[in-house]
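# Structure at a glance
Spelled out, the chains give:
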Amino acid sequence: MLVKPQPVDSPVTTAEPPTLLEIRNIAKSFGKSIVLRDISMKVAEGEFLTILGESGSGKTTLLRIIAGFENATSGELWMGEKRLDGLPPYKRRVNTVFQHYALFPHLTVEQNVGYGLRVEKHSDAEIASRVEQALVRVKMTVHRKAKPSKISGGQQQRVALARALVKRPQLLLLDEPLSALDANLRRQMQVELKSLQREVGIAFVFVTHDQEEAMVMSDRIALLRVGELEQVATPREIYSRPATAYTAQFIGHTNLLRAQVQSGVVRCGSLSWKAHLPDGLALLSLRPENIRAAGSLPSSVRFRGQLRHRAFQGATELLRVECSDGLLFTVRTAARADWSGELEFEFDPADAVPVRVSEGI
Amino acid sequence: MFSRAYKTVVTVPPLVWVSLFLLVPYLLMFAYSFWSVSPAQTIVHTWNLENYRQLLRVDVYWQTLLRSMWIAARVMLFSLLLGYPLAYFLSFHAGARKDLFYQLVIIPLWVSYLVRAYAWKTILGSEGVLNTLLQYGHLTQHPLDFLLYSPFAVVLTLTHIYTPFTFLPIYASLEHIPRNLVEASDDLGASPAQTFWRVIFPLSIPGVLAGATFAFVLSLGDFLAPLLLGGPSGIMISNIVVSLFGAAYNWPLGAAISLGMLVLVISLLFVSERLEKKWSFS
């Protein structure tokens, strides 16, 4: 197959990057409980896609279906012209980094990394050189002769990565690989993992329940909620244009405003503003940082309220403000010592984004 | 943390028990093995090495010990060949029926050893179930006489009796293998057979060693199966010890043989434990 060399500095195009994996209408149930419903999405070549969701959202099940450890109840998986579903894991060019690393305890670091090449009966020389490369890449050459029980969690993590990457998969799946690490190491590994992914250029599908982690690392985030796909978008888009009330609340803080729209006018409590929205009930998401102390914006919506609660967060501060009509707002402002009593705030109506109602919110 | 009185109350009874019923008998046996029997059939309490000399010189003891070890080795082999696949199947492929199968393996242990040994007697005898069936089906003209009162019968019965003992430690070690290791192996491109030989089997070696030791050691010291089913050609070393302590009335020689066995078994246990440690990873 001919591969066109990519121009180094390509002009900005709107063309989508080529699709690597296509998930078509995947559904899964265990007995009577439905874990995934009708999931469809695409993973592009070289992309870092995060499947984000709370426990019980089905994110790990989706990953296991892609890896081949579970069979979907219905739906298809396509990688180019090849249909993946139905193939056993060892016949897919997909590798997994497991949640608890799953390193073979009886093998050394080196043997663990070489395992996938050894079972494919590559020559000793090739195995040695590829293992060496992989160990260098994850900076584990010093510990090559150690058994997994003798190295730290972060090091085990690196070995697990090297073991999967040495196979040169087309797609790497990572099942909450950082969840067992403590906070500092975890942030460090997030950066390492992301730059490693850029270096090797392999598409990563990364599962996590941590929305911050998802925002930091991903090219795109697929948000799952009790087996359904809420939204697939870039971190910026999913944050500024959440599709549903659940997305808006799960990713960052938000104010959900219940409003009534009539001929282009939005009414919410005693506030009103103009917007191009269909008539009827509307649910609007307004991020706390889009609300400011009144004064600067000409076309803003203003409200007054009593300060009820404040939470200092370092550079910023979250304020709970209650209006006279009972509306509650969360406002993020620069941390200041002298917030108190009645305050006046404003926001740009364009920042109040309409979202779909989610069940239970 | 605990009071002195509490510690005393908790530790003294088991110590007394062990000294009275284990240590003292062993010491007695040790002493007996250096004494001798007079022509008038009384124990002579003078220290000598005659019993051990006899042990090394008389062929029948050696040959019986070797035969016992050969029988025990076969029992060990067959128990592993039966027990391992069974344990593997239960642990990895039995699904929801796992507990039921497990109970089915355990239930025979509730039946008395004697009953099971006698059961084989009625199956293997010349008028037994097996020979009757074979003749009925015209597979043989005359009853097969190697079935009963032979090393074959002893090996068969001991295998039947000790397979659950081999199965249990193997099953436990297989159950301890994290299943994500199997998935990781699959994921890295290993076929099911490669996964078995490269991951599952190496990690089950401690169980195999423990199971093999059980089968070998328990069979080596067995005297009921050879007594009931062994016949003259199926005599084992314990039968000799039994007769020395009984009809032959030579306690000193019996004690010497027992002590030899004890040393052999303890060294086996020691080696097996070292190997098990070498093969366990946690």
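Residues numbered from 1 in each chain as written. Chains lettered and ligands numbered in written order. Predicted model: local features only at pLDDT ≥ 70, side-chain atom pairs only at ≥ 80, totals over all residues.

Scanning chain A for helices and strands turns up 8 helices and 20 strands. Along the three orthogonal principal directions, the C-alpha set of chain A runs to about 75 × 50 × 45 Å. Here the contacts in chain A between residues at least 6 apart in sequence split such that 63% fall between residues at least 24 apart. (Helix = DSSP H or I, 4+ residues; strand = E, 2+ residues; numbered from the N terminus. Contact = placed C-beta atoms within 7 Å.)

Turning our attention to the overall build of chain B. Across its full length, chain B holds 12 helices and 2 strands. Written out in order from the N terminus, the α and β elements of chain B read α-β-β-α-α-α-α-α-α-α-α-α-α-α. Relative to the 2.2 N^0.38 estimate, which gives 19 Å for 282 residues, the radius of gyration of chain B is 24 Å and therefore markedly larger than a compact globule would have. Scored against the burial criterion, the 282 residues of chain B give a buried share of 32%. Look at the contacts in chain B between residues 6 or more apart in sequence, and 71% of them connect residues 24 or more apart. (Rg over C-alpha atoms; globule rule 2.2 N^0.38 Å. Buried ≥ 20, exposed ≤ 12 C-beta atoms within 10 Å, placed from the backbone.)

Another point: the environment of Leu49 of chain B. Inspection of the secondary structure assignment puts Leu49 of chain B in the loop between strand E2 (43-44) and helix H2 (50-57). Spatially, the C-alpha atoms of Leu49 of chain B and Ala119 of chain B are 43 Å apart, while their sequence positions differ by 70 residues.

Now for the sheet that holds strand E19 (residues 342-347) of chain A. Residues and elements named next belong to chain A. Spatially, the 5 strands line up as an open sheet ordered E15-E19-E16-E17-E18, and their pairing is antiparallel. The sheet is open, and its two edges are formed by strand E15 (291-293) and strand E18 (328-334), each paired on a single side. Here the strands of the sheet are splayed against their neighbours by 50° on average, with no regard to which way each runs. As defined by bridge partners, strand E17 (residues 316-322) adjoins E18 across 7 bridges and the pair is classed as antiparallel. What sits directly across from Leu319, in E18, is Val331. (Pairing = 2+ DSSP bridges. Axes fitted to C-alpha atoms, helices over the stretch in contact; angles between N-to-C directions.)

When the parts come together, some accessible area is lost, and that loss is often what is quoted as the size of the interface. Counting residues at the interface gives 17 residues for chain B and 21 residues for chain A. Elements supplying a minimum of two residues to the side of chain B that touches chain A: helix H8 (179-187) and helix H9 (192-220) of chain B. With 6 residues, the top contributor of residues to the side of chain B that touches chain A is H8 of chain B. Classifying every residue of the side of chain B that touches chain A gives 9 nonpolar, 5 polar and 3 charged. (Nonpolar A, V, L, I, M, F, W, Y, C, P; charged D, E, K, R; others polar.)

Let us now look at the environment of Ala190 of chain B. Structurally, Ala190 of chain B can be placed in the loop between H8 and H9. In this structure Ala190 of chain B touches Tyr90 and Val119 of chain A together with Ser185, Thr195 and Arg198 of chain B, once residues within four positions along its chain are discounted.

Attention now goes to the sheet that holds strand E10 (residues 228-233) of chain A. All names here are of chain A. The 6 strands are arranged E6-E7-E8-E3-E9-E10 in an open sheet whose pairing can be described as mixed. The outermost strands of the open sheet, each flanked by one partner alone, are strand E6 (94-97) and E10. This sheet shows a mean twist of 20° between the axes of neighbouring strands, independent of strand direction. With 5 bridges joining them, strand E9 (residues 220-225) and E10 adopt antiparallel strand pairing. Within E10, the position partnered with Leu223 by the bridge is Gln231.

Residue and element names in this part refer to chain A. A positive phi angle, near 50°, is found at Asn25, a position not held by glycine. Position of Asn25 relative to the elements: it lies in strand E1 (residues 19-30). Within the chain, Glu176 stands out as a residue other than glycine whose phi angle is a positive 40°. Its place among the elements puts Glu176 in the loop between strand E7 (171-175) and helix H5 (183-200). The class of Glu176 is partly exposed, set by 19 C-beta atoms lying within 10 Å.

Moving on, we get to the confidence of the model for chain B. Residues and elements named next belong to chain B. Here chain B shows a mean pLDDT of 91. Residues at 70 or above account for 99%. For chain B, per-element mean pLDDT is lowest for helix H6 (residues 129-136), which scores 84, and highest for H9, which scores 96. Two numbers describe this predicted complex: its pTM, 0.83, and its ipTM, 0.82. (pLDDT = per-residue confidence, 0-100.)

Attention shifts here to the confidence of the model for chain A. Per-residue pLDDT for chain A averages 89, and the proportion of residues at 70 or more is 95%. Across residues 1-12 of chain A the pLDDT falls below 50, and counting only partners more than four positions away or on other chains, this stretch makes 0 contacts in the model.

Once that is clear, we can look at the packing of helix H3 (residues 59-93) of chain B against helix H7 (residues 151-175) of chain B. Residues and elements named next belong to chain B. Where H3 contacts H7, the axes come no closer than 6 Å and their chain directions differ by 40°. The angle between H3 and H7 falls in the class oblique. Where H3 crosses over H7, the handedness of that crossing is right-handed. (Parallel < 35°, antiparallel > 145°, perpendicular 65-115°, else oblique. Left-handed = near helix turned anticlockwise from the far one by under 90°.)

The subject of this paragraph is the nonpolar core. Ranked by internal contacts, the top residues of the largest apolar core, which has 79 residues, are Ala162, Leu171 and Val205 of chain A. In terms of residues, this core owes the most to one element, helix H4 (residues 153-165) of chain A, which gives 6 residues. Contacts of Leu171 of chain A, omitting those with residues within four sequence positions, involve Leu20, Leu21, Val43, Val94, Ile202, Ala203 and Val205 of chain A. In this structure, Ile71, Phe167, Ala210 and Leu229 of chain B belong to the second largest nonpolar core, which totals 47 residues. (Core = buried A, V, L, I, M, F, W, Y, C linked by C-beta atoms within 7 Å.)

A few words now on helix H5 (residues 113-124) of chain B. Three- or four-residue spacings in an α-helix give side chains the same orientation, since the helix completes a turn every 3.6 residues. Residues and elements named next belong to chain B. For H5, built from 12 residues, the straight-helix expectation of 16 Å at 1.5 Å per residue is met to within 8% by its first-to-last C-alpha distance of 17 Å. Of the residues making up H5, those classed as buried are Ala117, Trp120 and Leu124. Taken down its axis, H5 places every buried residue within 55° of arc, on the same side. H5 presents Leu114, Val115 and Thr122 as exposed residues on the side facing more than 90 degrees away from its buried surface. (Expected span 1.5 Å × (residues − 1). Arc of directions from axis to C-beta.)

The subject of this paragraph is the pairing of strand E3 (residues 48-52) of chain A. All names here are of chain A. With 5 of its 5 residues buried, E3 lies for the most part within the structure. The pairing of E3 with strand E8 (residues 203-208) spans 5 bridges and is parallel. Note that in E8 the partner of Phe48 across the bridge is Phe204. When E3 meets E9, the two strands line up parallel, connected through 4 bridges. Following the sheet pairing, Leu49 is matched in E9 by Arg220.

In this section: the pairing of strand E14 (residues 280-286) of chain A. Residue and element names in this part refer to chain A. Pairing analysis gives 7 bridges linking strand E11 (residues 255-262) to E14, with the strands arranged antiparallel. Residue pairing for E14: Val261 is matched across the bridge by Gly280. In this structure, E14 lies alongside strand E20 (residues 353-355), joined through 3 bridges in antiparallel fashion. Bridging across to E20, Leu284 finds its partner in Pro354.

Residues and elements named next belong to chain B. It is the contact of H3 with H9, at a shortest axis distance of 8 Å, that shows an interaxial angle of 140°. In terms of axis orientation, H3 runs oblique to H9. Judged by the sense of rotation from one axis to the other, the crossing of H3 with H9 is right-handed. Across the interface between the two elements, Ser68, Met69, Ile71, Ala72, Ala73, Val75, Met76, Ser79, Leu80, Gly83 and Tyr84 from H3 touch Val208, Gly211, Ala212, Ala215, Phe216, Ser219 and Leu220 from H9. Its residues placed into classes, the contact of H3 with H9 shows 13 nonpolar, 5 polar and no charged.

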